[in-house]
Amino acid sequence: MNPAVSAHELTKWFGEGDAKTFAVRGISFEAYFGEIFFIVGPSGSGKTTLLSMISGILRPNSGAVTIDSMDIWALKPDQIAEFRLNKVGFVFQDYHLFPRLTTAENVAIPLILKKRDWDESIREAAGYLEIVGLKNKAELPPMKLSGGEQQRVAIARALISQPDILIFDEPTASLDGDTGRRIMDFVKTSVLNDKRCILIVTHDSRIFEFADRIMKMEDGKIVGIENRRNGAE
Amino acid sequence: MNGTLKLAFKLLVNDKGKYAALLVGIMFAVFLMVQMTSIFSGILAKSSSTVINLGAQVWVMDPAVNNVANSIPMPDYVLDAVRSINGVKYAVPLYSGGALVKLRSGVFQSVTVLGLDDNSLFGRPELIAGKIEDIYAENAFIAVQDAEINKLGDIQLGTDFELNDHRGVIVGIAKVTASGLFGIPTLYTTYSRAIQYIPSTRFTISYILVEPKNNDAISHIKEQVKLLGYEALTKEEFMQKIANYYKYQTGLGTNIFIMTIVSFLVGLSISGQTFYTFILENLEKFGALKAIGAKGHELVYMILFQATFTALIGYGLGVGLCTLIITIAKLKVPDYSANITYTTLAFAFAMVLIIAAISSYIGIRKVLKIEPFDIFRG
């Protein structure tokens, strides 16, 4: 199977000298198109740092990340930004929706950053809001929506640039159990496809059932990868 | 509008409270800066009103003269000497002095009296009532229709008054380009009548008004006048000398300058602080934009656009408010001196751009420092 993301010997530390702390120590793994890949572990295990390096946000001290046959950390800063815009969709833990923009305008942001026409972007955003079940909320500000609805807006924003890789940071942390499950169910049935890989960082064991594979981390290292479809690796 | 800039625009104006605070800050600063500099400009224009109204190209005076109202009389031979300089087409004497007139009502009123050369009436004003030749009539004076004329009572052709036990009669009413600074009416008469009616020193010529044959002759005239121990200045130089006097020798310029700087600082602190708060509140969102794929320079453009847009709108509102206040003030107080000139507008515009630049610099530094990783870390 063709890997969507390939991480090789990724290492990241913060600080220097006595203050030097390793967040990720020589991690290698592959995530594939058509799967939901969970990265789990206790706080401070390095999962967010790992996710940031994979998505082109945090430069590793050593190692490589290959996406679409391209070592992303060999790119220049503007090219990495372009890569994120075109290849990666982010759903942040706190959603980071703009309270002063309408829901549709929030969803349209990636297209606007791609220099697409404003009105055309808003129309397309309305289409994605329909996909996530918020057809009638396009003109509302995000603050008028419930937590679950805001999560869906964030998903629509991540989807609109049709990314190969979708990254969720603690997607259910701010949601109650039922809403969290509904969101994950929606992600599994409507967002995942054969040309997309979904990486999820989470603490929430209640949603582990939606994972195809779960990578467990501790102290910046992989302690195991569980294949939920075929048993442990 | 470019999509990214439209995004910046919406982020800015949809935050109505902050946007209003930014506009008020800049509007207030612009209002104060334009108001201060306009008042100063108005005072300078009025202080040179005699120079502007008489329109002579070259003025000869005692070097100690620093403003038009404080002339130092020159002996008659200076006039003859100036007339004999090569390049002088003609030269005429001017009397400029203050006097106290007693009106029919018994009220005493200070006036400025300008005595024009009897032969040429050089520098005569444009009349809106009466005939200029009537200035040669007995006791004839011409009153200037400006903000101060009402201080002479209900003045008409034939209105008479008393000046140093002499009778004076209004034979004409004139309009002038600029009215005076000191809030007193102006009367024109002939040079000979002026020195006859008004008690004066041994010398009587306040200024010599010179018409050079051509512009090239001016420097020669100036040199020759200097050899006489006097000073010849072009109209512009004389106005500049008067302006310098008010700027540097009266404290007026320093006070206006300090007030303008204070206005600038007030505007800068209000706008800078509000813009900084605006950026701080949106910092995570800018970080999210970075994470999504916005490039650093795109965020810089967005912030520059927000700061510049706010500055321009605030500038427009400030200038509009200032214009409104000055217009109302001039309607209520006719001799209110404030002129909004292109220079004052350009000065305020430059100051506003500096405010925008400093405010956006603070914001840009913050936004460029925020790492998308910080968004993930929360």
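Note that the coordinates shown come from a computational prediction; the quantities given were computed from them, not determined experimentally. (Residues numbered from 1 in each chain as written. Chains lettered and ligands numbered in written order. Predicted model: local features only at pLDDT ≥ 70, side-chain atom pairs only at ≥ 80, totals over all residues. Heavy atoms only, no water.)

**Student:** Quick one: what's the story with the overall build of chain B, residue by residue and with numbers?
**Tutor:** Helix and strand counts for chain B stand at 12 helices and 10 strands. Expressed along its principal axes, the backbone C-alpha trace of chain B runs to roughly 95 × 50 × 35 Å. Of the contacts formed within chain B by residues at least 6 apart in sequence, a portion of 79% connects residues at least 24 apart. For chain B, the exposed surface amounts to about 16,800 Å²; the carbon and sulfur share of it is 58%. Computing the positive centroid from 31 side-chain charges and the negative centroid from 28, chain B places the two 11 Å apart. (Helix = DSSP H or I, 4+ residues; strand = E, 2+ residues; numbered from the N terminus. Contact = heavy atoms within 4.5 Å. Areas by Shrake-Rupley, 256 points an atom, 1.4 Å probe, with all protein chains shown as cover. Lys, Arg positive; Asp, Glu negative; His and termini not counted. Charge placed at Lys NZ, Arg CZ, Asp CG, Glu CD.)

**Student:** Report on empty space enclosed by the protein, specifying residues and quantitative values.
**Tutor:** Residues and elements named next belong to chain A. Tallied over the full model, the rule gives three cavities of 30 Å³ or more. Roughly 60 Å³ of internal volume is contained in the largest cavity. Breaking the lining of the largest cavity down by element, the ones donating at least two residues are β6 (88-91) and α5 (147-159). Per-class residue counts for the lining of the largest cavity are five nonpolar, two polar and two charged. (1 Å grid on protein atoms, 1.4 Å probe; cavity = no way out; pocket = protein on both sides within 12 Å on 5 of 7 lines; lining within 4 Å. Points joined across faces, edges and corners; volume = space filled by probe spheres on them. Nonpolar A, V, L, I, M, F, W, Y, C, P; charged D, E, K, R; others polar.)

**Student:** Break down the interface of chain A and chain B for me, with residues and values.
**Tutor:** Taken together, the contacts link 31 residues of chain A with 25 residues of chain B. Regarding the contact of chain A and chain B, the summed buried area is about 2,800 Å², with carbon and sulfur atoms giving 69% of it. Put simply, chain A and chain B have four salt bridges between them. With a shortest N-O distance of 2.4 Å, K115 of chain A and E298 of chain B are connected by a salt bridge. (Buried area = accessible area lost by both parts, 1.4 Å probe. Salt bridge = Lys/Arg side-chain N within 4 Å of Asp/Glu carboxyl O.)

**Student:** If you had to explain the domain arrangement of chain B to someone new, which residues and values would you point to?
**Tutor:** Residues and elements named next belong to chain B. Here chain B is partitioned into domain 1 (3-46 + 251-377) and domain 2 (75-229). Placing a centre on the C-alpha atoms of domain 1 and another on those of domain 2 gives a separation of 48 Å. Counting residues at the interface gives five residues for domain 1 and eight residues for domain 2. Summing both partners gives a buried area of about 460 Å² for domain 1 against domain 2, and 57% of it is carried by carbon and sulfur. Our count for the contact surface shared by domain 1 and domain 2 stands at zero salt bridges. (Domains from an automatic or database assignment.)

**Student:** Outline the sheet that holds strand β4 (residues 62-67) of chain A, supporting the account with residue identities and numerical values.
**Tutor:** All names here are of chain A. The four strands lie next to each other as β2-β1-β4-β5, forming an open sheet whose pairing is antiparallel. With one partner strand each, in any of the chains shown, β2 (21-32) and β5 (70-71) form the two edges of the open sheet. Bridge count for strand β1 (residues 3-14) against β4 is five bridges, and the pairing is antiparallel. Bridge pairing links H8 to A64 in β4. (Pairing = 2+ DSSP bridges.)

**Student:** Can you break down helix α4 (residues 76-83) of chain B residue by residue, with the values?
**Tutor:** All names here are of chain B. Residues V78, L79, A81 and V82 constitute the buried set of α4. One side of α4 carries all its buried residues, which in axial view fall inside an arc of 165 degrees. The secondary structure elements touched by the buried residues of α4 are β1 (58-61), β2 (88-102), β9 (207-212) and α6 (217-227). (Buried < 20%, exposed > 50% of the residue type's maximum accessible area, 1.4 Å probe, protein only. Arc of directions from axis to C-beta.)

**Student:** Before we move on, could you go through unusual backbone geometry and cite the residues and values that matter?
**Tutor:** Phi angles above zero are rare outside glycine, and S69 of chain A is one such case at about 60 degrees. By the element assignment, S69 of chain A lies in the loop between β4 and β5. Phi is positive for L121 of chain B, which is not a glycine, with a value near 50 degrees. Here L121 of chain B shows up in the loop between β3 (108-116) and β4 (126-130).

**Student:** Run through the side chain of S38 of chain B, naming residues and quoting values.
**Tutor:** Positionally, S38 of chain B belongs in helix α2 (residues 16-47). Among residues more than four places away in sequence, those in contact with S38 of chain B are I326, S337, A338, N339, I340 and T344 of chain B.

**Student:** Provide a residue-level description of the side chain of S96 of chain B, including the pertinent values.
**Tutor:** With respect to the helices and strands, S96 of chain B occurs in strand β2. If near-sequence neighbours (up to four positions away) are discounted, S96 of chain B is found in contact with V68, S71, V113, L114, S206 and Y207 of chain B.

**Student:** How would you sum up the layout of surface pockets? Please name residues and give values.
**Tutor:** Residue and element names in this part refer to chain B. As a volume, the largest pocket reaches approximately 590 Å³. Lining of the largest pocket is provided by 22 residues; of these, T37, F40, S41, L44 and K247 occupy positions nearest its centre. If you list the elements that add at least two residues to the lining of the largest pocket, you get α2, α7 (235-249), α8 (252-281) and α11 (342-369). Ranked by residue count, the leading element in the lining of the largest pocket is α7, at six residues. Residues of the lining of the largest pocket, tallied by class, amount to nine nonpolar, 11 polar and two charged.

**Student:** Summarise the nonpolar core; cite the residues concerned and give the values.
**Tutor:** Grouped burial of nonpolar side chains is what soluble globular proteins tend to show. The biggest cluster of nonpolar side chains holds 126 residues, and the ones touching the most others in it are F29, F38, L50, I155 and L199 of chain A together with L289 of chain B. The residues contacting F38 of chain A, other than those within four sequence positions of it, are M184, I200, T202, I207, F208, F210, A211, R213, I214 and M215 of chain A. (Core = buried A, V, L, I, M, F, W, Y, C linked by side-chain atoms within 4.5 Å.)

**Student:** So, the packing of helix α9 (residues 283-292) of chain B against helix α10 (residues 296-332) of chain B: which residues are in play, and what are the values?
**Tutor:** All names here are of chain B. The geometry of α9 relative to α10 is characterised by a closest axis approach of 11 Å and an angle of 145 degrees between their N-to-C directions. Of α10, the residues touching α9 (which contributes F286, L289 and K290) are L299, M302, I303 and Q306. Of the residues that constitute the contact of α9 with α10, the class distribution is five nonpolar, one polar and one charged. (Axes fitted to C-alpha atoms, helices over the stretch in contact; angles between N-to-C directions.)

**Student:** Describe the pairing of β4 of chain A, and please don't skip the residues or the numbers.
**Tutor:** Residues and elements named next belong to chain A. The sheet contact formed by β4 and β5 spans two bridges and is antiparallel. If you follow T66 over to β5, its bridge partner there is D71. Where β4 folds back on β5, the antiparallel hairpin that results is connected by two residues, among which D68 adopts a positive phi of roughly 55 degrees.

**Student:** Any chance you could break down the packing of aromatic side chains for me, citing the residues and the numbers?
**Tutor:** Within this structure, the stated rule accounts for 17 aromatic pairs over all chains. Here the aromatic rings of F9 of chain B and F309 of chain B are separated by 5.2 Å at their centres, their planes lie at 85 degrees, and the arrangement is edge-to-face. A residue pair is termed long-range when its members are at least 10 positions apart, and F9 of chain B in helix α1 (residues 3-13) and F309 of chain B in helix α10 qualify at 300 residues. Here F9 of chain B falls in the partly exposed class, since its relative accessible area comes to 25%. Pairing F305 of chain B with F309 of chain B gives two aromatic rings, centres 5.9 Å apart and planes at 25 degrees, and the pair type is stacked. Residue F305 of chain B and its partner F309 of chain B are both found in helix α10; the two are separated by four residues, about one turn of the helix. Of the aromatic side chains, those joined through ring pairs into one cluster are F9, Y19, F305 and F309 of chain B. Taking NZ or CZ as reference, K20 of chain A lies 4.0 Å from the ring centre of W13 of chain A, over its face. Positioned above the aromatic ring of F186 of chain A is the side chain of R152 of chain A, whose terminal nitrogen or guanidinium carbon lies 5.2 Å from the ring centre. (Phe/Tyr/Trp six-rings, centres within 6.5 Å; stacked < 30°, edge-to-face > 60°. Lys NZ or Arg CZ within 6 Å of the ring centre and 35° of its normal.)

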